[in-house]
Amino acid sequence: MPVIPIEDVLFCDLETRSAVNLKKTGSWRYAEDPSTDVYVACWAIGDGPIETWYPGQPVPPAIIEHIESGKWFSAHNIGFEYPMVNLLLAPRYGWPKLRIDQLHDTAAEAATMGLPRSLEDVGRVLGLKIQKDVEGHALMMRLCRPRRIEDTGAYVWWDDPERLRRLAEYCATDVRVAREVFRRVRRLPDDERRIWELDQKINERGVKVDVALAVKLQAIVETAKKDLDGRMRALTRGAVPKCSNATGLVRWLNDQGVQTESCAKAAVTAMLARRDVPARVKDALTLRRTAAKASTAKLAVMQTAACADGRLRGMFRYHGAATGRWGSLLVQLHNLIRKSPGGPITLAVETVLNYGYDGVQLLYGDPMAFASSMLRPCLMADEDEELYTADLAQIEARMIAALAGEMGVLDVFRAGEDVYCHAATGIFGRTITKKDDQERQVGKVGILSLGYQGGPVAFGAMAKNYNLDIASAYDSVTRAADPYQIEHAETGWKNYTGDMSEEAYVTADLIKQAWREANPNIVQFWRDLEYAVFRAVRTRLPVRVGTLLVQVVPLAGRDYLWLRLPSGRLLCYTDPVIATVETRWGADKQTVLAWTTDSRTKKWVRRSLYGGLLAENATQASARDVLVGGMLRLDAAGYQIVGHVHDEVILTIKHGAGSVDQIRDLMTERSDWMVKIGLPVAVDVSNPLQRYQK
């Protein structure tokens, strides 16, 4: 663990203004915009006094000496200050430029401890005496945008001296809070620091975006929306003028006898699945769903966030999830639809650029679906480069089997056999091959939904994502089940209050039971993890679960539960306590509760550390560690990583300088800890591409 003496750290915070919206453009596009400027910079070296600098003043010699000597420059969420210093303060006001190896980010360190990332939230959680200035934040939000725009197009800013004085106070408070956070959080270990620095390189490098293609696709989307709105008006006889008119559509649905209070995505999906909904109503719901494809909004973001050189920068948030996986910013690459258009991608691009809406509709059908499928190809390599993708194959299924010692599953992977067929064989009690498409799909959904203690509801939700009709497998699944399993499933159905049909629920429950019988070591892994956490909190002694280590560690006045992964990295949970909670079945159960950042809502929540959650965290975190090992090796070999999506890396290199075999070797090279747990690794590497696609 590196030690950073506080006297070697320059803490800094900037308050800025711009005509562009930071949330829509990201820090790099924001920093290079001519309208962007700095109101005030507050800074302090170590425990020294908070100093204030305003544009027009000489750069303080202490700042120049500190930065030029290579000492630490720290900010909370430094992904903002770094481009602001190098793209604005350096060329415009003479500040020294920063290097990545001297950057320090208290937000990143807080995130690795499972703490909230925002300065306000982490200060509150840590119980700091100095808290973020909430009123000052409101003032900052007002001053960061122009006061008004003159008829000539000139911007009028907020130059009120009292407001600017108050803004400087707010800025100084942020420096104080960030400095206190620095005292309370762990430094990044050396290995993790290398990954963090690579993340900065990736965000600074960015990825080339075909803005012209995005503009044309956006025009196609707008035309398609107008067409869909016209069809909605005709279908509802004017009652719903636009597909986006949620209030009008709900009212019309109720008038048609379909009672609902919402037409949000989940409600629309549920209504479309009902047999009692009239065809005309389903047509309206389909129009609503088609027009609401959120992924097409990314086209506008591509245009807004593209830097002057046509690259998207700052799209990844280090340690965006508690497991250490990245979060996605701006274009949100982590939730793109999976498939690119069928046929040659060059044909699809030429159709968009030369023939527009009519050409797309003629060759590809639904223009909205086509536009969504073209989001990936908007990202591309430079003309003198080629692009590759490298995707770790079924890494979570491999990882949980390795962590739990599920040897039968590991043997399937080692033999290069189909793991989905293997899972389906356990579920149906007979040999399943790739020819048994329906059964294999059940096996796939089972692996994806049941490995973290999921039940029939989790299986049902995942099945919807894969358009799998669970109820259709009812007969074959019940034939393979024992009577006591069917009785158990039917008892569960009687206590179920959701919207799954009886056949679907019973089928899903039987699949769950069969999967658990076929994977007893994974089931035991859940139990062992839950017990280990309980014992560690109760005894304050370290407890091992295979290659994992659980212990409670006091740090800066509070307790943290550490889950040490095989890689040596830590997952952290704050303030673990043993409490009695009521289960879904009405029974009391003792469990460990701890505070953590919810990976879906990003909120700071107290939750039960049950076995399935711990298994999910350990598995996904360890899968992330496999990915970053490959990323570091690729970077060292000269490949330029321009992005990553879940377990996939997107990289570019000069024409002819890379190879599929080399990328595969670098990605599948096993670290000592991977060998120790017996993890088989495989990767799917694309052939050289010019555009990102699946």
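Here the structure is a predicted model, which means the values were calculated and not measured. (Residues numbered from 1 in each chain as written. Predicted model: local features only at pLDDT ≥ 70, side-chain atom pairs only at ≥ 80, totals over all residues. Heavy atoms only, no water.)

**Quick word on the overall build of the protein**
Applied cut-off: Each helix corresponds to a stretch of at least 4 residues labelled H or I by DSSP, and each strand to a stretch of at least 2 residues labelled E; elements are numbered beginning at the N terminus. It is over C-alpha atoms that the radius of gyration is taken, and the globule rule equals 2.2 Å times the number of residues to the power 0.38. Under the scheme applied here, a residue whose accessible area is under 20% of the maximum for its type counts as buried, over 50% as exposed, and between as partly exposed, the area being computed with a 1.4 Å probe on protein chains only. Only heavy atoms matter for contacts: two residues are in contact if any of them lie within 4.5 Å across the pair. Exposure was quantified through the Shrake-Rupley algorithm and a 1.4 Å probe, taking into account, for residues, occlusion by the shown protein chains and nothing else. In this charge count, Lys and Arg are treated as positive and Asp and Glu as negative; neither His nor the chain ends contribute. A charged residue contributes its charge at one atom only: NZ of Lys, CZ of Arg, CG of Asp or CD of Glu.
Counting its regular elements, the protein contains 27 helices and 22 strands. Compactness check: the protein gives a C-alpha radius of gyration of 27 Å against a globular reference of 26 Å for 694 residues, within 12% of the reference. Overall size of the protein, expressed as C-alpha extent along the three principal axes, is 80 × 70 × 55 Å. Buried residues in the protein amount to 55% of all 694 residues. Restricting to contacts in the protein with at least 6 residues of sequence separation, those with at least 24 account for 65%. Approximately 30900 Å² of the protein is accessible, and the part contributed by carbon and sulfur atoms is 50%. Taking the 89 positively charged and 86 negatively charged side chains of the protein as two groups, their mean positions are separated by 2 Å.

**Overview of the packing of helix α9 (residues 211-235) against helix α13 (residues 298-305)**
Counted only if it meets this: Here an axis means a line fitted to C-alpha atoms, over the contact stretch when the element is a helix, while the angle between two N-to-C directions is reported on a 0 to 180 degree scale. The sense of a crossing depends on the near helix, which, turned anticlockwise from the far helix by less than a right angle, makes the crossing left-handed and, turned clockwise, makes it right-handed. When residues are sorted by character, Ala, Val, Leu, Ile, Met, Phe, Trp, Tyr, Cys and Pro go into the nonpolar class, Asp, Glu, Lys and Arg into the charged class, and all the rest, Gly among them, into the polar class.
Where α9 meets α13, the axes come as close as 9 Å, and the angle between the chain directions of the two elements is 145°. With respect to the hand of their crossing, α9 and α13 are arranged in left-handed fashion. Here α9 contributes Val 211, Ala 214, Val 215, Leu 217, Gln 218 and Val 221 to the contact with α13, which in turn contributes Leu 299, Ala 300, Met 302 and Gln 303. Partitioned by chemical class, the residues of the contact of α9 with α13 number eight nonpolar, two polar and no charged.

**Things to note about a nonpolar patch on the surface**
Here is the rule we go by: A patch consists of residues exposed above 30% relative accessible area that lack any salt bridge, with like charges linked at up to 9 Å and nonpolar side chains (Val, Leu, Ile, Met, Phe, Trp, Tyr) linked at up to 5 Å. When a carboxyl oxygen of Asp or Glu lies within 4 Å of a side-chain nitrogen of Lys or Arg, that pair is called a salt bridge.
Together, Leu 347, Leu 362 and Leu 363 make up a nonpolar patch on the protein surface, roughly 320 Å² of accessible area in all. Tracing the sequence through the fold places Leu 363 in helix α14 (residues 345-364).

**Section: the state of the cysteines**
Quick note on the threshold: Any two cysteine sulfur atoms within 2.5 Å of one another count as a disulfide.
Within the structure shown, the criterion is met by zero disulfides. There is no disulfide at Cys 263, and the cysteine sulfur nearest it, in Cys 243, is 10 Å away. By relative accessible area, which is 4% here, Cys 263 ends up buried. Of all cysteine sulfurs in the structure, the one in Cys 307 sits closest to Cys 378, which takes part in no disulfide; the separation is 16 Å.

**Overview of the sheet that holds strand β22 (residues 683-685)**
Applicable threshold: Paired strands are those between which DSSP finds at least two bridges.
Judged by pairing direction, the sheet is antiparallel, and its four strands sit side by side in the order β20-β21-β13-β22 without closing on themselves. Edge positions in the sheet fall to β20 (640-645) and β22, since each of these pairs with one other strand and no more. Recorded for the sheet is a direction-independent mean angle of 20° between the axes of neighbouring strands. Taken together, the five bridges between β20 and strand β21 (residues 648-654) define a ladder with antiparallel strand orientation. Its bridge partner lying in β21, Val 645 is registered against Glu 648.

**Considerations on the sheet that holds strand β12 (residues 379-380)**
Pairing is antiparallel in the open sheet, where three strands are placed in the order β9-β8-β12. Strands at the two margins of the open sheet, each flanked by one partner only, are β9 (311-312) and β12. Strand direction decides the pairing type here: strand β8 (residues 207-209) and β12, joined by two bridges, are antiparallel. Within β12, the position partnered with Val 209 by the bridge is Leu 379.

**A few points about the packing of aromatic side chains**
Counted only if it meets this: Side-chain rings of Phe, Tyr and Trp (the six-membered ring for Trp) are treated as a pair once their centres are within 6.5 Å; stacked means planes under 30 degrees apart, edge-to-face means over 60, and tilted covers the remaining angles.
For the coordinates displayed, the defined rule picks out twelve aromatic pairs. Relative to Tyr 82, the ring of Trp 28 has its centre 5.6 Å away and its plane inclined at 90°; by these criteria the two rings are edge-to-face. You can see Trp 28 sitting in helix α1 (residues 22-32) and its partner Tyr 82 sitting in helix α3 (residues 78-93), a full 54 residues away along the chain. Comparing Trp 28 with Tyr 82, the two get one shared label, buried.

**Focus: the packing of helix α16 (residues 395-404) against helix α25 (residues 611-636)**
Here α16 crosses α25 at 115°, and the two axes come no closer than 9 Å. For the pair α16 and α25, the crossing hand works out as right-handed. Here Ile 395, Glu 396, Met 399, Ile 400 and Leu 403 of α16 lie close against α25, whose contacting residues are Ala 615, Ala 618, Thr 619, Gln 620, Ser 622, Ala 623 and Val 626. Partitioned by chemical class, the residues of the contact of α16 with α25 number eight nonpolar, three polar and one charged.

**Describing the pattern of salt bridges**
Scanning the entire structure with this criterion turns up 36 salt bridges. Residue Asp 160 pairs with Arg 163 through a salt bridge whose shortest N-O separation is 3.4 Å. A relative accessible area of 29% means that Asp 160 is categorised as partly exposed. The exposure class of Arg 163 is partly exposed, given its relative accessible area of 24%. The shortest N-O distance in the salt bridge between Asp 625 and Arg 569 comes to 2.8 Å. Placement of the pair is Asp 625 in helix α25 and Arg 569 in the loop between β16 (558-564) and β17 (570-582), with a sequence separation of 56 residues. In terms of burial, Asp 625 and Arg 569 fall into one category: buried. The structure contains a network of salt bridges with shared partners spanning Glu 162, Arg 165, Arg 166 and Glu 169.

**Overview of unusual backbone geometry**
One non-glycine residue, Arg 237, lies in the positive phi region at around 55°. You can see Arg 237 is positioned in the loop between α9 and α10 (246-255). Looking at Arg 237, the relative accessible area reads 70%, which means it is exposed. Of note, Asp 575 is a non-glycine position whose phi angle comes to about 55°, a positive value. Residue position: Asp 575 is located in strand β17.

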